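# Examining the three-dimensional arrangement
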Amino acid sequence: MELNELRAVPGVVSRSINAENPTGRKGAAASAASPLGPGRKGRPAMPIRPGETLTLADIDGPGVIRHLWMTVPDRTEGGPFVLRDLVLRMYWDGEDGPSVEVPLGDFFLNGFGERALITSEPIVVAPTAGMNCYLPMPFRSHARITVTSEHPVEVGAVFFQVDYTLGDDIAEGTPTLHAQWRRSDATTRPGEDHVILDGVRGSGRYLGTYIGVAALSRFWWGEGEVKFYLDGDEDLPTLTSTGLEDYAGGAWAFQDHLGADPEPRPLPFSAPYCGYPLFLTRDTTGMGDFQQTVAPMHAMYRWHIPDPVWFDADLRVTVQQIGVSRFGLFERVDDVFSVAYWYQTEPHRAFPALPSAVARTPR
């Protein structure tokens, strides 16, 4: 925070929306009554039924959403994957299609329907499952944020808070926040890359990537390179990494050593700009009466904040599926999902259809 931010710009005001003040109107917060009386924690959350869309924010601009906080139960009697079954969408300036369309947990770097602690600059998930996003979300005329439930039963409590300012000077052509979820559920051919993002037209900044891999083959899974095709690149990209764990800021397979004996121990971590917050080999749902081993699940993230990725006309981002053993490199086919985060000028191209809740089910 700079000293010039200690005083408001003339005309800029602070507002906040939650279940206690769903319109964000001045002087209208905490109006619901509880057994303790009026204004005493009368409605801290809202339920959401199957197929229902809950509007978290419906704001006339100009303004900037500064902070989004949410938490929900991660499972119900209807199933263990609430974080995958709820879908977060954001719409800017009256657009028909969303600029953000991501399963709720995955947007907050909690993929596979699993909770994970995150300590990054833009997104923090604090104990227990307090999901925070600090990415600035500017809008000129209007902002709308929704959550839609594809969970089979009612989720009894959606807690949320949207903190924002109004009256900000949002220049024409200011890029807006976008985020998109994709999955290659063992559907690619050997040698075919997982597409993180494609079809972007316009100028802006690629901000970050969240990637999850359910490893379906033996041996190490993370030799694939993340590639950025910028502004007309075709066969070869302008930017590439040297491997997936390298892209996420790690090295040597996120392990305490290389070697078969003793068996290596994974070392999850979470840092401001990169992390490997989740390693899972056992089912945690309690929904089965059988052995609890599952395909190894790995999740990692990388934010391009100190190292921006700019584009002027178009952008495509992919990651290879390559493994290695003592016999060398080999092509893999794994279950890979990703979230791409970027800012771009509007209008944006329509997103591919989001897979159904059943098609999003973690392995």
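See the structure printed just above.
Read on for a plain summary of the structure. What you see is a predicted model, and the numbers here were worked out from it, not measured in a lab.

Turning our attention to the packing of aromatic side chains. In total, this model carries 13 aromatic pairs according to the counting rule given. A centroid spacing of 5.8 Å and a plane angle of 55° characterise the contact between Phe 107 and Tyr 341, whose relative ring orientation is tilted. Of the two residues, Phe 107 sits in helix α2 (residues 104-107) while Tyr 341 sits in strand β27 (residues 335-344), which places them 234 residues apart along the sequence. Each member of the pair, Phe 107 together with Tyr 341, is buried. Arranged with centres 6.0 Å apart and planes meeting at 40°, the rings of Trp 342 and Phe 351 form a pair that is tilted. Since its relative accessible area comes to 1%, Trp 342 is described here as buried. Looking at Phe 351, the relative accessible area reads 16%, which means it is buried. An aromatic cluster is defined as three or more aromatic residues linked by ring pairs; in this entry it consists of Phe 107, Phe 108, Trp 303 and Tyr 341. A cation sits over an aromatic face here: Arg 205 above Trp 310, 5.2 Å from the ring centre. Directly above the ring of Tyr 229 sits Arg 316, whose terminal nitrogen or CZ lies 5.7 Å from the centroid.

This part takes up the sheet that holds strand β16 (residues 194-201). One open sheet accounts for four strands, arranged β16-β24-β18-β19; its pairing is antiparallel. Only two strands of the sheet have a single neighbouring strand rather than two, namely β16 and β19 (239-240). Pairing geometry for β16 and strand β24 (residues 314-319), over five bridges, is antiparallel. In the sheet register, Val 200 faces β24, and the bridge partner there is Leu 315.

Quick look at a nonpolar patch on the surface now. A cluster of nonpolar residues, Met 1, Leu 3 and Leu 6, forms a patch on the protein surface that exposes about 450 Å² of accessible area. Positionally, Leu 6 belongs in the segment before β1 (13-18). By relative accessible area, Leu 6 is classed as exposed at 58%.

Once that is clear, we can look at the side chain of Asp 334. Mapped onto the elements of the fold, Asp 334 is located in the loop between β26 (328-331) and β27. One polar contact links the side chain of Asp 334 to the main-chain amide nitrogen of Leu 216, over a distance of 2.7 Å. Dropping the residues within four chain positions of it, Asp 334 is found in contact with Ser 184, Asp 185, Ala 186, Val 213, Ala 214, Ala 215, Leu 216, Ser 217, Trp 221 and Gln 321.

All right, on to the pairing of strand β8 (residues 100-103) then. A regular strand places its side chains on the two faces of the sheet in alternate fashion. Of the two faces of β8, the one carrying Val 100 and Val 102 and the one carrying Glu 101 and Pro 103 are both buried. With four bridges connecting them, strand β7 (residues 86-92) and β8 associate as antiparallel partners. Residue pairing for β8: Met 90 is matched across the bridge by Val 100. In the sheet, β8 pairs with strand β15 (residues 176-185) via two bridges, with the strands oriented parallel. From the neighbouring strand, Val 100 faces β15, where its bridge partner is Ala 179.

This part is about the pairing of strand β13 (residues 142-149). Counting buried residues along β13, seven of its eight residues qualify, which places the element largely inside the surrounding structure. For strand β5 (residues 53-60) and β13, the ladder comprises seven bridges, and the chain directions are antiparallel. Looking at the pairing, Thr 55 lines up with Thr 146 of β13. Of the strand pairs in this sheet, β7 and β13 are connected by seven bridges, and their pairing is antiparallel. Note that in β13 the partner of Leu 86 across the bridge is Ser 149.

Reading the values: the criteria
- Residues numbered from 1 in each chain as written.
- Predicted model: local features only at pLDDT ≥ 70, side-chain atom pairs only at ≥ 80, totals over all residues.
- Heavy atoms only, no water.
- Phe/Tyr/Trp six-rings, centres within 6.5 Å; stacked < 30°, edge-to-face > 60°.
- Helix = DSSP H or I, 4+ residues; strand = E, 2+ residues; numbered from the N terminus.
- Buried < 20%, exposed > 50% of the residue type's maximum accessible area, 1.4 Å probe, protein only.
- Lys NZ or Arg CZ within 6 Å of the ring centre and 35° of its normal.
- Pairing = 2+ DSSP bridges.
- Patch = residues over 30% accessible without salt bridge, like charges linked within 9 Å, V, L, I, M, F, W, Y side chains within 5 Å.
- Areas by Shrake-Rupley, 256 points an atom, 1.4 Å probe, with all protein chains shown as cover.
- Salt bridge = Lys/Arg side-chain N within 4 Å of Asp/Glu carboxyl O.
- Polar contact = N/O pair within 3.5 Å; in protein donor to acceptor, adjacent residues only side chain to side chain.
- Contact = heavy atoms within 4.5 Å.

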